[in-house]
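Examination of the molecular architecture
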Amino acid sequence: MNGFLRRMKALIHKEFLQLSRDSSSLLLGIALPIALILIIGYGISLDIRNIPTAVVLEDASPKAQDVVSFVNGSAYFSPTYVTSFREAEAMLLNRDVRVIIDVPPDFTSKLATGEATLRVVLDGVEAATAMSTQGYIESAVSSWLLRQPGAGSGARIALESRMWYNDANSSTWFFLPGLIMIIVTIIGIMLTAIVMAREWERGTFESLFVTPVRPMELVLAKIVPYFCVALLGVFICLFLSRFLFEVPVVGSLAVLLGLTMIYLMVALGIGLVISTVTKSQFLACQSSMLVSFLPSVVLSGFVFDLRSTPVVVQIIGNVLPFSHYLTCLRSLFLSGTNAGLLLKQGGLLLLYGVFFIGAAFTMTRKKVE
Amino acid sequence: MEEYIIRAEQLNKVFPLKKGQTVEALKSLDLTVKQGGLTAIIGPDGAGKTTFMRLVAGLMRPTGGRLTVLGLDSVQGAGEIQTRISYMPQKFGLYEDLTVQENMDLYADLHGVPAQTRPARFDKLLTMMGLERFTGRLAGKLSGGMKQKLGLACTLVRSPELLLLDEPTVGVDPLSRRELWEILKEFVRDENLTVLVNTAYMNEAALCGQVYVLHKGALLAHGTPDDLRAIAAGRCYSCTPPPGEPTRILQAHLIDDTDHVVDAVPKGGDVHFILQEGVASAPYLDAHGIAARPVASDLEDGFMVLLHRAETEILPPVEEGDDVLDKGGRPTDKVSITVRDLVKKFGDFTAVAHTSFEVHEGEVFGLLGPNGAGKTTTFKMLCGLLPATSGFLSVAGVDLHVARTQARANVGYVAQKFSLYGNLTVRDNLEFFAGIYGLPPKRRRERIGQVVREFFLEDRLDMRAGDLPGGYKQRLSMACALMHEPKILFLDEPTSGIDPLTRRNFWRQITSLAAKGTTIIITTHFMEEAEYCDRFMIQDNGRMLAIGAPSEIRRQLGREGADMDDIFMAIVEQARAKGEGPA
């Protein structure tokens, strides 16, 4: 057996032994995904209740009244009827209502030709709530349309729409892909940063260095086991989202796994770089929290749509790799395999991966100064 | 073929500090190591020993000069050097969550030891190290001595062309230390191994063929142990203190007389001292009619003479006159601390097992033992920092279970690590401690003035505590701990990691404090420091093995005049013979 393979086998074997002895690493890889998915899956809900709504009936026909009747007696809305759009606008500005549903004067007449429109104005301050609200309105209107005689014969109502694919109007569906991104990020970055920094801190690297082992082998031997642990976490997430929250994967599962592996290399690379710089577990833990957890939650579009943030934040969000992976995941989960988008984002992720792993290789030297 | 295994010529290593300052870790060092045999580097902490070893191992780049190892340049050839040598760093470099066997397998795999030769080699190593019964035990669960032997076994999975050992025995019990050196000597004999070892223990350096003495990065001397012994030859004497007087009193009188005496230490119940060059006798001894017997000089004597010659900035001596020493308090019969059947468990691990002892007022009481013996745990329970699992504890007449806060008012505590505020000045630190002990303003000024005089801090008052030299840091720690004039002073490992001169100075201060009536409890892993104590107890693996005055314990063992390492080994062997030795 050649030296490289023999040493890799020994180092990886060692890594797995340590993993099996030290439950904290495995906990991070297995318990953390489960805990996060349960907390976020059940705990964070942007589903709405009793949204103050202004309804403007500029067309007073029965059809016009009927199309917005879903707000009456609904748990989601508490409506106020006003007569002019100006009045409704004033209420929105005063934050007395969060949404305006406006039925224009020509609604009934245009309905027959299929050109009817409903204007929906949402309070964009709480972007996530607004998006959910919009979804409710959309589905209520389309189901009303289906109930009309002659449904399916080309009749339609135009609505400005942004929540394209979240059919169930469930924010859990919206969040789960992001959750997988966060879990992969945390496991990838934090776990590797800590285990590598531990070796520096305990002085075990110092004696490993004075053996025929090459720096690249040390780095590779860290990547392989934690790649497996993180992948395990991903499978748990996928399993739970499919069977507990019944989130579908519309796109190709194979593509999803492939992209996840590429992204994992990015996360592992970042973790390795952090530990090589800090060389202490405490610092590695702190910096990986700072570099992974916060930006992946806040600056990735996980909660707040990046498009609705200031330009500076958008730029930062786009420079960091998190949002690119999230875009892929959302697309694969909810809309399908969009080859063009995935190729572009996947290619970007690959570049990130090459950059960080390459940095880890060049920065790990068999030196203690 | 290159004649030397290691050859350093004018080797320099400079480390950058903050604010553009630098520190010279090695200054133009010339050092050679020949094929076969043991070479030691001795020197106090900060001498540059570890830096040199890391340079040899190719783990650092020299700033200047040339270093060749196995005929290869230490920078260009680092990869090949690392393949051919073995190195045990100070922390042993073991994976604590792997077993003994797994650690050895890992290193054997990395070094490419063929499967055919492995069983025989492992058998030999495990048997020699006494680890054959523990192959399935996690390295983290081994005692300090066993860890050290496992570390050595991992470096010897194949016969390296050069073995580097960086302070392999710090804090390890004397028995394990002796065993380790037996093993090393055997390998040197059987495999013509070349070994370079850093050590702070003179009796270990004495076993080596060549000894290099480093101090603050500079080479003070080198030669065979006999060459170094010869430096102090003809100037070493031993004298016996008057009956009933603690050894440290006579030692203090001698070490204070810097005009005539270079160094004095208590040893085997007597005081061992070195006269200055050209001096015939010590006036104090002549005046008191104490006879001085000439003795052979040992390696430590030579080392101390060299250090004194090299050290320009010596801490100011303690000079409160002979009165305090001679008329000062002696230990009384009054009990200051009572410990009965003390037990401390962490989960299923017993850190301290059924320990009982008493400390008398005005006594210097030592807690001795290797790392992991249970000293610090016992200590923390005495200070009320850690609750006992069971047993009775009373400090200065106060039951610790009932009134911990009240007991604390009577004690001062100096932690092992420097635990003052590094970015405050000496004065600020003193003011702060006077404040937290709640001294009224007038009293506060008085006490600060007193401790400043007592610990010679006058000229350093406006210096930031973090910038103080090591010896002064310790003085400041003690000054702060004594601010409220406690009856009892606790010192946790005050002498670990400080150089021999500062250690002498420290003990000299303890002698003064004790003479003024303070009870002192001190932990140390330097066995020989038991000689300064009125009484001491030895712990190992959580159990108390012996307690008593140094002379009493010697008498019990029938080893008059033996040094403390021998005493410890005799006690452990006795305990093992009774079948209750460490597992």
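Computed from a predicted structure; not experimentally measured.

This part takes up the overall build of chain A. Per the secondary structure count, chain A includes 14 helices and five strands. Considering only intrachain contacts with a sequence separation of at least 6, the fraction spanning at least 24 residues in chain A is 80%.

Glancing now at the domain arrangement of chain A. Domain boundaries assigned for chain A yield domain 1 (3-44 + 170-363) and domain 2 (51-159). For domain 1 of chain A versus domain 2 of chain A, the separation of C-alpha centres amounts to 43 Å.

To continue, consider the domain arrangement of chain B. Residue and element names in this part refer to chain B. Domain annotation for chain B reports domain 1 (4-226), domain 2 (231-314), domain 3 (329-410 + 488-583) and domain 4 (419-485). Between the C-alpha centres of domain 1 and domain 2 the distance comes to 34 Å. Residue-level contacts link nine residues of domain 1 with six residues of domain 2. Elements with a contribution of two residues or more to the side of domain 1 that touches domain 2: helix 7 (202-205), strand 9 (210-215) and strand 10 (218-223). In terms of residue class, the side of domain 1 that touches domain 2 is built from eight nonpolar, one polar and no charged.

With that out of the way, let us pick up the interface of chain B and chain A. The partner chain A presents 23 residues to the 24 residues of chain B that form the contact. Elements that contribute at least two residues to the side of chain B that touches chain A include exactly helix 2 (78-84), strand 6 (86-88) and helix 3 (100-110) of chain B. The element contributing the most residues to the side of chain B that touches chain A is helix 3 of chain B, with five residues. Of the residues in the side of chain B that touches chain A, the class split is 13 nonpolar, six polar and five charged.

Turning our eyes to something else, we now look at the confidence of the model for chain A. Detailed reading of predicted coordinates is not advised where the pLDDT is low. Residue-level pLDDT values for chain A average 82, and 89% of them are 70 or greater. Across residues 161-169 of chain A, where pLDDT falls below 50, the model places 18 contacts with residues more than four positions away in sequence or in other chains.

Val184 of chain A together with Leu150, Leu164, Phe490 and Ile520 of chain B are the most contacted members of the largest nonpolar core, which totals 240 residues. In terms of residue count, helix 7 (residues 171-202) of chain A provides more of this core than any other element does, 18 residues in total. With residues near it in sequence (within four places) discarded, Phe490 of chain B still touches Phe379, Leu382, Cys383, Val411, Gly412, Tyr413, Val414 and Ile521 of chain B. Of all hydrophobic cores here, the second largest spans 25 residues; its members include Phe77, Val103, Phe107 and Leu122 of chain A.

Our next topic: the packing of helix 9 (residues 247-256) of chain B against helix 18 (residues 500-515) of chain B. Residue and element names in this part refer to chain B. Remark: helix 9 packs on helix 18, axes separated minimally by 10 Å, with the N-to-C direction vectors making an angle of 125°. Relative to helix 18, the element helix 9 is oriented oblique. The handedness of the crossing between helix 9 and helix 18 comes out as left-handed. Contacts between helix 9 and helix 18 pair Arg248, Ile249, Ala252 and Ile255 from the former with Arg504, Arg508 and Thr511 from the latter. Across the contact of helix 9 with helix 18, the residue classes tally to three nonpolar, one polar and three charged.

Residue placement: Ser335 of chain A occurs in helix 13 (residues 322-335). Each C-alpha atom of the pair Ser335 of chain A and Ile39 of chain A lies 25 Å from the other, and the pair is 296 residues apart in sequence.

The rules behind each value
- Residues numbered from 1 in each chain as written.
- Chains lettered and ligands numbered in written order.
- Predicted model: local features only at pLDDT ≥ 70, side-chain atom pairs only at ≥ 80, totals over all residues.
- Helix = DSSP H or I, 4+ residues; strand = E, 2+ residues; numbered from the N terminus.
- Contact = placed C-beta atoms within 7 Å.
- Domains from an automatic or database assignment.
- Nonpolar A, V, L, I, M, F, W, Y, C, P; charged D, E, K, R; others polar.
- pLDDT = per-residue confidence, 0-100.
- Core = buried A, V, L, I, M, F, W, Y, C linked by C-beta atoms within 7 Å.
- Buried ≥ 20, exposed ≤ 12 C-beta atoms within 10 Å, placed from the backbone.
- Axes fitted to C-alpha atoms, helices over the stretch in contact; angles between N-to-C directions.
- Parallel < 35°, antiparallel > 145°, perpendicular 65-115°, else oblique.
- Left-handed = near helix turned anticlockwise from the far one by under 90°.

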